[in-house]
Amino acid sequence: MPRLSYRRALTRALADEMTRDESVVVLGEDIRVAAANVTTGLLKKFGPERVRDTPLSEQAFTSFATGAALAGARPVVEFQIPSLLFLVFEQIVNHAHKFPLMTGGQCAVPVTYVVPGSGSRTGWAGQHSDHPYALFAHVGVTTVVPATPADAYGLLVSAIRCDDPVVVFAPAGALDLREDVTDPAPVPLGRGVVRRSGDDVTVVAVGHLVHDALAVAEELSGQASVEVFDPRTLYPFDFDGLVDSVSRTGRLVVVDDGNRSCGIAGEIIATVVERVRLVAPPRRVTRPDGAVLPFAPALDRAVQPGRDQLTAAIQLTLKDG
Amino acid sequence: MTGSDPVRLYRTVRLIRRFEERAIELVDAGEIVGGIHPYLGQEGIAAGVCAALAADDLVTGTHRGHGHVLAKGADPARMLAELCGRVTGLNQGRGGSMHAADFGVGVLGANAIVGAAGAILTGAVWERRRRGADVVGATFFGDGAVNEGMLLEAFNLAALWRVPVLFVCENNGYATTMPVAGAVAGTIAGRAEAFGMPATAVDGQDPESVRAATAAAVARMRAGGGPELIEAHTYRFDAHHTFEHRVRLDYRPPEEVAEGRSRDPVVIQGARLAPAVRAEVDAAVEAVLDAAVDFALAGPHPDPATALDHLYASGLTARNGGG
């Protein structure tokens, strides 16, 4: 079977959708030379009217995409750094997200925002290492964090076809993955998947942490049967799928590369305990409250959720009940 | 379409004037909740600019936006119903005064973030033209917005990519209570010139001057000349927002207000019409607005169960906040 890399999966999704639908255009900084290694070949194939290199004007080109969407385009905006989403939060949240309701349904704003390399890329320090997906889930913007190449392809395709704004976080920790994919296909938004079946505890893992959770589950296979649930979309979240899993296992641990307070892990736990009687208190492994990733590699790693923390959290949950 | 039509121009300024006055009455009566940002005194700008645009040209504006929407051709009755929060309003009561939109006449929405609408319009015009339509756009903003970085970024994008957007600065001298002299370093025209955009200053109190300047700019833009800026000097006759009627802010000298009001676009344009013609237009506008008030107040209030309708165009529904 052909091997598909995560980055090429994103490229292929863009190219396939641009081929399928003339209204798809791509905007972003340095995309003509594919500085993030995602838009490779698109300029040559589709031309500068559909692959538009932008000046360093994040707020304007994000709103430009909103306007283009109001006029019938399906823009994809690529951001080179996850922290730029803080800069354009207003343009996405206060404009793109609100227009359909505020106009009484007169319009749709089908813009996709892609962040290849979200989270820590090691050594990029405080302003290049955030993973701000929970902010978008909080305000109700569809938010996806694909963990695998096949999902990167399938979720990006679905995001582009969605009539609402969608933010696609491609974690730096997943970008180098490859997998065998015969026929990449759309993956529905809002649908999670059980990556590994188990009976004793459900681990919800977000993005690249799915792979850490699978490794930990394997390590613990002699002691415990760990189910790994990959939500894939954080908003809307597949709570029905997760509740099915936790109803069987009775235990819940969440591992999430966001900050602790008001993070997605807290929301996942709150919703599950509203619906399921657990046999042990749930636990979460996250970045610390208010985390800023320090530069030195050992410090950078210390702030991110690690396999040891996840292992400990699973073991405590099993011990508690 | 873009030739001078004094009667039509007068009708538009008179319609906006009386619409605003009727809306303020409805604010005072409690029928419009939250108040409005009156456009009184600035009517000549919306009327003049929109008179020089074609039906499928696009417009965006700001919180002081009733005039722009009416001048572009929206139904005053549905507009007033929107201000009254009724389902019969342009936005089904979801947008209100600051977000009135009528995509059917090319109004892509008034924006309450003052520097925001320019970049949105630039993207919209770019996309329409990419699809082969010969459209231009006009975006309205106040003197306060020229200090918003996003608007200046939009100047750059429009100029760089030669998107035919007319940036219309309604310089009424105040950003809420901040005098323009205390807020704008350099000049407003200088902002445009820095990006290679032609800038024209115009008397915003004279609808005909605004129309002529716009028509000239639009002709250059349609010929491929790229974006332009018009700085229309005007004066806001009333408050920044109707809340001032209660709190009585003191920031404009009375003699300045009197002088500003002496240059009234409705009077200036009305003087170009025979008295009988003017009286006929006035009566027709009054009839339209009488009907608009009746329509607005007769419209049903939205069902609270529908509060989040239209949140998602994809059909996604939000989780309930209760229980």
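Rules of the game
- Residues numbered from 1 in each chain as written.
- Chains lettered and ligands numbered in written order.
- Predicted model: local features only at pLDDT ≥ 70, side-chain atom pairs only at ≥ 80, totals over all residues.
- Heavy atoms only, no water.
- Helix = DSSP H or I, 4+ residues; strand = E, 2+ residues; numbered from the N terminus.
- Buried < 20%, exposed > 50% of the residue type's maximum accessible area, 1.4 Å probe, protein only.
- Pairing = 2+ DSSP bridges.
- Axes fitted to C-alpha atoms, helices over the stretch in contact; angles between N-to-C directions.
- Contact = heavy atoms within 4.5 Å.
- UniProt positions renumbered as here; feature names shortened; annotations may be inferred.
- Expected span 1.5 Å × (residues − 1).
- Core = buried A, V, L, I, M, F, W, Y, C linked by side-chain atoms within 4.5 Å.
- Domains from an automatic or database assignment.
- Salt bridge = Lys/Arg side-chain N within 4 Å of Asp/Glu carboxyl O.
- Parallel < 35°, antiparallel > 145°, perpendicular 65-115°, else oblique.
- Nonpolar A, V, L, I, M, F, W, Y, C, P; charged D, E, K, R; others polar.
- Buried area = accessible area lost by both parts, 1.4 Å probe.
- Polar contact = N/O pair within 3.5 Å; in protein donor to acceptor, adjacent residues only side chain to side chain.
- Disulfide = S-S within 2.5 Å.
- Left-handed = near helix turned anticlockwise from the far one by under 90°.

> Got a sec to walk through unusual backbone geometry? Specific residues and values, please.
Trans peptide bonds make up the majority, and among non-glycine residues the majority have a negative phi. Residue A:Pro236 follows A:Tyr235 across a cis peptide bond; omega there is -5°. Relative to the elements of secondary structure, A:Pro236 occurs in the loop between β12 (233–235) and α10 (239–249). Of note, B:Gln92 is a non-glycine position whose phi angle comes to about 55°, a positive value. Relative to the elements of secondary structure, B:Gln92 occurs in the loop between α4 (76–83) and β2 (107–111). Residue B:Gln92 is classed as partly exposed on the basis of its relative accessible area, which comes to 28%.

> Tell me about the sheet that holds strand β10 (residues 201–205) of chain A, and name the residues and values.
Residues and elements named next belong to chain A. Strands sit in the order β9-β11-β10-β13-β14 across an open sheet of five strands; the sheet is mixed. Looking along the sheet, the strands with just one partner apiece sit at the ends: β9 (193–196) and β14 (283–287). Along the sheet, successive strands turn relative to each other by an average axial angle of 25°, direction set aside. One ladder, built from four bridges, connects strand β13 (residues 252–259) with β14; its direction is parallel. By the bridge assignment, Val254 is partnered in β14 with Arg284. Running at roughly 165° to β14, helix α13 (residues 307–320) makes contact with β10, β11 (226–230), β13 and β14 of the sheet.

> Provide a residue-level description of the UniProt feature "domain: Transketolase-like pyrimidine-binding" (unreviewed entry) in chain A, including the pertinent values.
Sites flagged by UniProt as "domain: Transketolase-like pyrimidine-binding" (unreviewed entry) map to residues 4–177 of chain A. In this annotation, residues 4–177 of chain A is assigned 40% helix and 18% strand; the end-to-end C-alpha distance for the span is 8 Å.

> Quick one: what's the story with helix α1 (residues 6–28) of chain B, residue by residue and with numbers?
Here α1(B) contains 23 residues, and its C-alpha end-to-end distance of 33 Å stays within 8% of the 33 Å for a straight helix at 1.5 Å per residue. Looking one or two residues beyond α1(B), the residue adopting positive phi is B:Gly30, at roughly 80°.

> Lay out the nonpolar core in plain terms, naming residues and giving numbers.
With 84 residues, the main nonpolar core has A:Phe79, A:Leu85, B:Phe141 and B:Phe167 as its most contacted residues. Top element by residues in this core is helix α3 (residues 58–70) of chain A. It accounts for seven residues. Taken domain by domain, the makeup of this core includes at least three residues from each of domain 1 (3–180) and domain 2 (193–320) of chain A. Within the second largest apolar cluster, 62 residues are counted, among which are B:Ile24, B:Ala213, B:Met221 and B:Phe237.

> Tell me about the pattern of salt bridges, and name the residues and values.
Residues and elements named next belong to chain A. The tally for this structure, following the rule as stated, stands at 36 salt bridges over all chains. The shortest N-O distance in the salt bridge between Arg7 and Asp176 comes to 2.8 Å. Here Arg7 is found in helix α1 (residues 6–20), whereas its partner Asp176 is found in the loop between β7 (166–171) and β8 (178–180), with 169 residues between them in sequence. Among the ionic pairs, Arg74 bridges to Asp21, the shortest N-O distance being 3.9 Å.

> Any chance you could break down the packing of α3(A) against helix α6 (residues 149–160) of chain B for me, citing the residues and the numbers?
Between α3(A) and α6(B), the least distance of the axes is 8 Å, while the angle of their chain directions is 70°. In terms of their interaxial angle, α3(A) and α6(B) are classed as roughly perpendicular. Across the interface between the two elements, A:Glu58, A:Gln59, A:Ala60, A:Phe61, A:Ser63 and A:Phe64 of α3(A) pack against B:Met150, B:Glu153, B:Ala154 and B:Leu157 of α6(B). Looking at the contact of α3(A) with α6(B) residue by residue, the class counts come to six nonpolar, two polar and two charged.

> Can you break down the UniProt feature "domain: Dehydrogenase E1 component" (unreviewed entry) in chain B residue by residue, with the values?
UniProt annotation of "domain: Dehydrogenase E1 component" (unreviewed entry) refers to residues 12–273 of chain B when read in the numbering used here. Across residues 12–273 of chain B, the secondary structure splits into 42% helix and 15% strand, with the terminal C-alpha atoms separated by 14 Å.

> Can you lay out the interface of chain A and chain B for me, pointing to particular residues and giving the numbers?
With 48 residues of chain A at the interface, the matching set in chain B holds 41 residues. Interface area, chain A with chain B, both sides summed: about 3,600 Å², of which 61% is carbon and sulfur. Our count for the chain A to chain B interface comes out at one salt bridge. Residues B:Arg319 and A:Glu267 are paired through a salt bridge, measuring 2.6 Å at the closest nitrogen-oxygen approach. For the interface between chain A and chain B, the tally reads 18 residue pairs in polar contact (both at pLDDT 80 or more). At the level of secondary structure, the elements contributing two or more residues to the side of chain A that touches chain B comprise β3 (51–53), α3, α5 (89–96), α6 (99–102) and α11 (264–275) of chain A. With 10 residues, the top contributor of residues to the side of chain A that touches chain B is α3(A). Each residue belonging to the side of chain A that touches chain B can be placed in one class, and the counts come to 19 nonpolar, 19 polar and 10 charged.

> Lay out the sheet that holds strand β4 (residues 74–78) of chain A with the relevant residues and their values.
All names here are of chain A. Pairing in this open sheet of seven strands is mixed, and the strands run β3-β2-β4-β5-β7-β6-β12 from one edge to the other. A strand with exactly one partner marks an edge of an open sheet, and here the two such strands are β3 and β12. Pairs of neighbouring strands in the sheet enclose a mean axial angle of 20°, with direction left out of account. The pairing of strand β5 (residues 112–118) with β7 spans six bridges and is classified as parallel.

> Just give me the short version of the side chain of A:Arg50, but keep the residues and values in it.
Assignment of secondary structure puts A:Arg50 in the loop between α2 (42–46) and β3. A polar side-chain atom of A:Arg50 sits 2.9 Å from the main-chain carbonyl oxygen of A:Val24. The residues touching A:Arg50, leaving out its near neighbours within four places in the chain, are A:Met18, A:Asp21, A:Glu22, A:Val24, A:Val25, A:Val26 and B:Arg130.

> Pulling in residues and values, what's your account of α3(A)?
Residue and element names in this part refer to chain A. Here α3 spans 18 Å end to end across 13 residues, near enough to the 18 Å set by a 1.5 Å rise per residue. Burial of α3 is extensive: 12 of the 13 residues sit out of reach of the surface. A positive phi of about 115° marks Gly72, the residue just after α3.

> If you had to explain the state of the cysteines to someone new, which residues and values would you point to?
Covalently bonding the sulfur atom of one cysteine to the sulfur atom of another cysteine gives a disulfide. All names here are of chain A. In this structure the tally under the stated criterion is zero disulfides over all chains. No disulfide involves Cys162; its sulfur sits 14 Å from that of Cys107, the nearest cysteine. Using a relative accessible area of 10% as the deciding quantity, one classes Cys162 as buried.

> Tell me about the environment of B:Arg78, and name the residues and values.
All names here are of chain B. By the element assignment, Arg78 lies in helix α4. Sequence separation between Arg78 and Gly93 is 15 residues; the distance between their C-alpha atoms is 9.9 Å. The residues contacting Arg78, other than those within four sequence positions of it, are Thr88, Gly89, Leu90 and Phe295. In this structure the side chain of Arg78 is engaged in a polar contact, spanning 3.2 Å, whose partner is the backbone oxygen of Gly89.

> So what's going on with the packing of α1(B) against α4(B)? Which residues, and what values?
Residues and elements named next belong to chain B. Running from N to C, α1 and α4 cross one another at 30°; their axes reach a closest spacing of 11 Å. By the angle between their axes, α1 is roughly parallel relative to α4. The handedness of the crossing between α1 and α4 comes out as right-handed. Of the residues in α4, those touching α1 at Leu15, Phe19, Ala23 and Leu26 are Pro76, Met79, Leu80 and Leu83. For the contact of α1 with α4, the per-class residue count stands at eight nonpolar, no polar and no charged.

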